[in-house]
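The residues making up each chain are set out below.
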Amino acid sequence: MTENTPFPAASLLGYPRIGRRRELKKAVESYWAGRIDAAELAATAQQIQLGTAQRLQELGLTEVAAVPGTFSYYDQVLDAAAHVGAIPARFGNLLDADGGLGLAGYFTLARGDREQQPLEMTKWFDSNYHYLVPEIGPDTVFSVTSDRILRDFAAVLESGIETRPYLVGPVTFLLLSKAEAGAPADFAPLAKLAELLPVYAALLERLAAAGASWVQLDEPALVADGAVPAAELRAAVEQAYQVLGSAQSRPKLLVSTPYGALGELLEPVASLPVEAIHLDLFKGELPADLTGLAQALAGKTLVAGVVDGHNIWRNDLAASARKLDVLKAAGINLAVSTSTSAFHVPHDSAEETQLTEQLRSWLAFADQKAVEVATLARHLADAEAARPEIEAASRIIASRASAEGVRRGEVRARTAALAETDFHRAEYADRAKAQQEELRLPPLPTTTIGSFPQTGDIRSARARANKGEISAVDYQELMREEIRRVVDLQEDLGFDVLVHGEPERNDMVQYFAENLDGFEVTVHGWVQSYGSRCTRPSILWGDVTRSAPITVEWASFAQSLTEKPMKGMLTGPVTILAWSFVRDDQPLADTANQVALALRDEIADLETAGIKIIQVDEPALRELLPLRKADQPEYLAWSVRAFRLATSGAATGTQIHTHLCYSEFGVVIDAIDGLDADVTSIEAARSRMEVVNDLQSHGFSRGVGPGVYDIHSPRVPGQQEVTELLQTAVAHVPARQLWVNPDCGLKTRGYAETEESLRNLVAATREVRAQLV
Ligand SMILES: CN1c2c(nc(N)[nH]c2=O)NC[C@@H]1CNc1ccc(C(=O)N[C@@H](CCC(=O)N[C@@H](CCC(=O)N[C@@H](CCC(=O)O)C(=O)O)C(=O)O)C(=O)O)cc1
Ligand SMILES: N[C@@H](CCS)C(=O)O
Ligand SMILES: [Zn+2]
């Protein structure tokens, strides 16, 4: 173990890694396109890491190991896989001659190649971040296959700043992994823990030799109810940290547990033979009696995550200080931090100069959170010294409660007057009959999920319109041209139900936020969603209203170009909440109903304009599902009701679609059914249609489109592959219920691969239609 360096009094659990101006995104995409080489990409990565270290020092996080080494080129779970050699056999040999996984191999795992699909992607706990799922089988042989975190640590250390290297912890790593194809049915990756631990120990030893005083092992899987019973989880964690804790030569260890309370694992985790334990004390709760916890933590540091790392509201410093005081009074040795990594929030609210000063004063992005944790650490050292900042925070939070727009009388009156009938439509059988008479669709109707490729031309037109370089009318005409092209293409390809392609939308949530009252949007507030893809979550700060129709003109224009039905395209209330930074001063359910009513009005206007099919996307339905089973029913009840409130005003003959992606949906299949949509399209291609088993066993009776084309990578599915997926679907779900569609929207794809893939999709549909009796 290295010298006696205490855990820093103030630190962040993690920091955004894309760069203040998305430098990493731009460099990674340039590398993929062959415009820069690996050395140039590595240089950008180092500049970002050094910039982060210097910035956090400027903000007051000056102690050794206060700066988290949470950089990643793509994803932290992929990084762990890359470091321990968890490279699925199906990729062949991706290692360089020196036995290491270089950048090219690393990105092959993330993006696939001509033969292999990339690692599956799924959501990271209850966030809008998506990680890559490692594949592990009984034959996986672990070894150190990357020294990237060592090199990055050393590079920043050369500039005089010692960071705190980070790795996803071994238990979480295995729990987030899936069994490699071909593994026995009863194989679970956690069975490989004993084989994995020596490789973690070897990495720790090398980090210690490189000079790291502290290393952070992140174990968020411990706060979620998963497939593994608590007793087994406890045994795994104890085994893991007995081994790592007794490693010969290692840095001090922080085990972090973000995203919620440890529940019955609290004392076992606090007792682990490591030097510091982080708890999420923003979402998680402490026991009333702290005696047992204090005993378990004897000789260790509790890194108290009292500042919310996952949302952007200014911290109630007085309330956090009170929590810290209680822990201190129990004799616990404390350090202050965030509840989760701050990579869920943008860099700096001071950059958002277009926002009112009042709104800005309510916000804390990552940089502001660094100052908050430093203030709270000062409070612990000397309560008087921090008093002015703590009192100022209390005054600002109080002013927010009474600010104009936070509560609007007409919105409150409308939600208060809701009746049960506002949540129900006519019986499905009547709807199905009326809709078929209206739409006259063939069996296995083909459609897409909504967006078509967002080309550079579309984005640059929008950027120019935003800067005033082209007029609003010119921008509208350019978007109309794009819609014409997308409609013509779908006619040519032979689709049955068309979309307008969503070119006018920067993002499926931000676009609605820009057109609803109660929201603000940011200019620089980028947050990583997955890999190089980022979003700017909107800020939902006040009561929500719709002052004018949002999508109706675009939908009517698109419908005027074709005889085929054109889907109106909306984002649902749960997804709008999940992908925004939502006010924290009232239950989410209340906010969801306000958004739902705005959408309900939009649906009514679309119907009046002659739109017969309206899709209300809810890809984030699964995302907000609480990590603890006990909390799930309440969430599912209000989220399903919000969707129903949005859609139940639709006429019997109007076909309501919904779309879900980016998650495994088996666990929320009842809720999906409860949405009562006429047609549900759902991601399925990457998991080779696993979801149809859930649909079959559930007896799902309405329309369903399990995705037959994985749109997450440039790979083109062949006609035969789509035919086989469709045949699997037909074997499980009655053909009269089935729709044919890709997994998700096509906005991230290019036109060449999109056209080819969609052509194969239509050809495969015709082939399978012909086989139907
Ligand atoms: C479906 N998903 C979404 C999630 N969350 C959302 N909020 N939205 C989603 O669609 N979560 C789950 C999934 C997976 N996630 C994503 C997330 C992001 C993308 C994606 O493609 N993001 C784009 C940015 C999209 C956007 O906001 N575009 C804007 C701004 C574009 C831009 O960068 N402009 C440049 C100037 C360009 C020029 O001059 O040519 C600039 O501002 O500097 C827009 O179109 O106007 C990304 O690039 O990361 C996909 C799936
Ligand atoms: N309608 C959206 C859904 C994405 S989840 C799209 O097609 O991009
Ligand atoms: Zn989707």
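Residues numbered from 1 in each chain as written. Chains lettered and ligands numbered in written order. Predicted model: local features only at pLDDT ≥ 70, side-chain atom pairs only at ≥ 80, totals over all residues. Heavy atoms only, no water.

Colleague: Explain the domain arrangement of the chain here, please?
Modeller: Where the parts come together, the accessible area they lose is often given as the size of the interface. Looking at the chain, the domain boundaries give domain 1 (23–121 + 129–401) and domain 2 (430–772). For domain 1 versus domain 2, the separation of C-alpha centres amounts to 33 Å. With 42 residues of domain 1 in contact, the opposing surface of domain 2 contributes 33 residues. Counting each side, the surface lost to burial between domain 1 and domain 2 is near 3300 Å², with a carbon and sulfur contribution of 54%. At the junction of domain 1 with domain 2, the criterion picks out 2 salt bridges. The closest approach of N and O atoms between Arg 400 and Asp 584, which form a salt bridge, is 2.8 Å. The tally of links from domain 1 across to domain 2 stands at 17 residue pairs in polar contact (both at pLDDT 80 or more). (Domains from an automatic or database assignment. Contact = heavy atoms within 4.5 Å. Buried area = accessible area lost by both parts, 1.4 Å probe. Salt bridge = Lys/Arg side-chain N within 4 Å of Asp/Glu carboxyl O. Polar contact = N/O pair within 3.5 Å; in protein donor to acceptor, adjacent residues only side chain to side chain.)

Colleague: Explain the UniProt feature "binding site: L-methionine" (unreviewed entry) in the chain to me, please; I cannot follow it from the model alone.
Modeller: Under the present numbering, the feature "binding site: L-methionine" (unreviewed entry) in UniProt falls on Ile 449, Gly 450, Ser 451, Glu 502 and Asp 617. For this annotated set, covering 169 residues, all C-alpha atoms fall within 12.9 Å of each other, a compact arrangement in space. Looking at the element boundaries, Ile 449 is found in the loop between α16 (428–439) and α17 (456–466). Once residues within four sequence positions are removed from consideration, Ile 449 is found in contact with Glu 502, Lys 567, Met 569, Gln 615, His 659, Ser 681, Asn 741, Pro 742, Asp 743, Cys 744 and Gly 745. Take Asp 617: it is sitting in strand β18 (residues 613–617). Excluding anything up to four places from it in sequence, Asp 617 contacts Met 508, Met 569, Leu 570, Thr 571, Gly 572, Thr 575, Thr 658 and His 659. (UniProt positions renumbered as here; feature names shortened; annotations may be inferred. Helix = DSSP H or I, 4+ residues; strand = E, 2+ residues; numbered from the N terminus.)

Colleague: Is there a simple way to explain the packing of helix α3 (residues 76–84) against helix α7 (residues 193–210) in this structure?
Modeller: Helix-helix packing is described using two parameters, namely the angle between the two axes and the distance between the axes. In the contact formed by α3 and α7, the axes pass within 10 Å of each other and the chain directions differ by 95 degrees. Between α3 and α7, the angle falls in the class roughly perpendicular. Together, Ala 80, His 83 and Val 84 of α3 and Leu 196, Val 199, Tyr 200 and Leu 203 of α7 make up the contact between the two elements. (Axes fitted to C-alpha atoms, helices over the stretch in contact; angles between N-to-C directions. Parallel < 35°, antiparallel > 145°, perpendicular 65-115°, else oblique.)

Colleague: What is the right way to look at the UniProt feature "binding site: Zn(2+)" (unreviewed entry) in the chain in this model?
Modeller: Following the UniProt record, one finds the feature "binding site: Zn(2+)" (unreviewed entry) at His 659, Cys 661, Glu 683 and Cys 744. Spatial clustering of the annotated residues is evident: they stretch over 86 residues in sequence, but the largest pairwise C-alpha distance comes to 8.4 Å. The class of His 659 is buried, set by a relative accessible area of 2%. Tracing the backbone through its elements, the reader meets Cys 661 in the loop between β19 (655–660) and α24 (669–674). Relative accessible area serves as the criterion here: at 2%, Cys 661 is assigned to the buried category. If we skip the residues at most four places from it in the chain, Cys 661 touches Pro 619, Glu 683, Asp 743 and Cys 744. (Buried < 20%, exposed > 50% of the residue type's maximum accessible area, 1.4 Å probe, protein only.)

Colleague: Got a minute to help me understand the site of ligand 1 in this structure?
Modeller: Near ligand 1, the surroundings consist of 24 residues, among which Lys 25, Asn 128, Arg 462, Asp 507 and Lys 747 are the closest. The side chain of Arg 22 places a nitrogen or oxygen atom 3.0 Å from an oxygen atom of ligand 1. A distance of 2.6 Å separates a nitrogen atom of ligand 1 from a polar atom in the side chain of Asp 507. Notes on ligand 1: free accessible area 1000 Å², of which the protein chains cover 83%. (Near = heavy atom within 4 Å. Areas by Shrake-Rupley, 256 points an atom, 1.4 Å probe, with all protein chains shown as cover.)

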